[in-house]
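If you want the building blocks of each chain, they are given just below.
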Amino acid sequence: MAMVTGQERTAVVIEDDVDVRNLLAAILNEAGFHAVPAATGIEGINAVRQHQPILTTLDVSLPGIDGFEVARRIRSFSDTYVIMLSARNEEIDTLMGLDAGADDYLTKPFRPRELRARIEAMMRRRKTMWSRHPSRPEGDVNNATPLVVAATPAPTPDTTAADSTGWLTHNGLRINGDMWLCDLDGAPVELTRSEFDLLLTLMAGKRRVISKDTLALELRGETSGAYVSDSDRRAVEVHMANLRRKLSDNATSPRYIETVRGVGYRIAEPRVR
């Protein structure tokens, strides 16, 4: 997730309502993006594949395939930051959007200022990660395959301390924030940007308990002290559940992510292999 400098930032707008589509394009243009419009899910998927955007806004109610299915298909080849937009405001809809691969969920009608704030938070998060990992080459923000594959052998024994090549390892799980790669027992793990950021934060924290509020602020690219809502905490829970599923981790006997009830999460105890 390298910062893009000296080149145009692209966003794809997938929205069937022409007025809303034009409004979104105007907001994104003001935020410094070149907005590529798409009126259907299939058009949107093709636009993401062709333009490899940093950001994608995605309406849930689309002709043909709905936004949830569009998000799933986009996630099969892109790590674009997805903000899902919907008139549905029930919690289950938010959870379905995040579970489908969205990074954020915003209900309609929305205020342009609120969407700008979400976009700016996403860019702050990208800038923060870039400052932490400046060795990652520029221009590979949107690889054709999302956050996968590792080519170097895993060090032993497992430890959550970074080795000389930047790998954090724990119980067969490895993550590298410089190269944005993750693998498990030598097999690549496909993660969304939000999942990757959360896992990297937990791994870097070793056995330290990290609260849901801290993790929510990490996703928003904000510092401690900012407001965290119940929906923000619930979003962290959904992302963690998705992480566990991708890692085949049992919540009752965790190998990787341990829940500390009423507080947050930490990396599980090391195991002798």
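Structural data are supplied above this passage.
Residues numbered from 1 in each chain as written. Predicted model: local features only at pLDDT ≥ 70, side-chain atom pairs only at ≥ 80, totals over all residues. Heavy atoms only, no water.

A. The overall build of the protein, seen in detail. Of regular secondary structure, the protein possesses 8 helices and 12 strands. Within the protein, the fraction of its 273 residues that count as buried is 52%. Long-range contacts, defined as pairs at least 24 residues apart, comprise 61% of the intrachain contacts of the protein with a sequence gap of at least 6. Of the accessible surface of the protein, which amounts to about 12400 Å², a share of 51% is contributed by carbon and sulfur atoms. (Helix = DSSP H or I, 4+ residues; strand = E, 2+ residues; numbered from the N terminus. Buried < 20%, exposed > 50% of the residue type's maximum accessible area, 1.4 Å probe, protein only. Contact = heavy atoms within 4.5 Å. Areas by Shrake-Rupley, 256 points an atom, 1.4 Å probe, with all protein chains shown as cover.)

B. Region of interest: the packing of helix 6 (residues 193–204) against helix 7 (residues 212–220). Here helix 6 crosses helix 7 at 130 degrees, and the two axes come no closer than 10 Å. As judged from the angle between their axes, helix 6 and helix 7 are oblique. The crossing of helix 6 and helix 7 is right-handed. On the side of helix 6, the interface is formed by Ser 194, Asp 197, Leu 198 and Thr 201, while helix 7 contributes Leu 215, Glu 218 and Leu 219. The residue inventory of the contact of helix 6 with helix 7, partitioned by class, reads 3 nonpolar, 2 polar and 2 charged. (Axes fitted to C-alpha atoms, helices over the stretch in contact; angles between N-to-C directions. Parallel < 35°, antiparallel > 145°, perpendicular 65-115°, else oblique. Left-handed = near helix turned anticlockwise from the far one by under 90°. Nonpolar A, V, L, I, M, F, W, Y, C, P; charged D, E, K, R; others polar.)

C. Spotlight on the nonpolar core. In terms of nonpolar packing, the biggest core is built from 28 residues, with Leu 173, Ile 175, Cys 182, Leu 199, Met 240 and Ile 257 touching the most fellow members. Elements supplying a minimum of two residues to this core: strand 7 (173–176), strand 8 (181–184), helix 6, helix 7, helix 8 (230–247) and strand 12 (264–267). The dominant element in this core, judged by the number of residues it contributes, is helix 6, at 6 residues. By size, the runner-up hydrophobic cluster in this structure holds 21 residues, among which are Val 12, Ala 38, Val 60 and Ala 71. (Core = buried A, V, L, I, M, F, W, Y, C linked by side-chain atoms within 4.5 Å.)

D. Local environment of the pattern of salt bridges. Tallied over the entire structure, the rule returns 18 salt bridges. Its salt-bridge partner being Arg 245, residue Asp 99 comes within 3.4 Å of it at the nearest N-O pair. With a gap of 146 residues between them, Asp 99 in helix 4 (residues 91–100) and Arg 245 in helix 8 connect regions that are remote in the sequence. (Salt bridge = Lys/Arg side-chain N within 4 Å of Asp/Glu carboxyl O.)

E. Quick look at the packing of helix 2 (residues 41–51) against helix 3 (residues 67–75). Where helix 2 contacts helix 3, the two axes come as close as 10 Å, and the packing angle between them is 20 degrees. Between helix 2 and helix 3, the angle falls in the class roughly parallel. The two elements helix 2 and helix 3 cross, and the hand of that crossing is right-handed. Residues Gly 41, Ile 42, Ile 45 and Val 48 of helix 2 form the contact with helix 3, whose own contacting residues are Val 70, Arg 73 and Ile 74. Taken together, the residues of the contact of helix 2 with helix 3 sort by class into 5 nonpolar, 1 polar and 1 charged.

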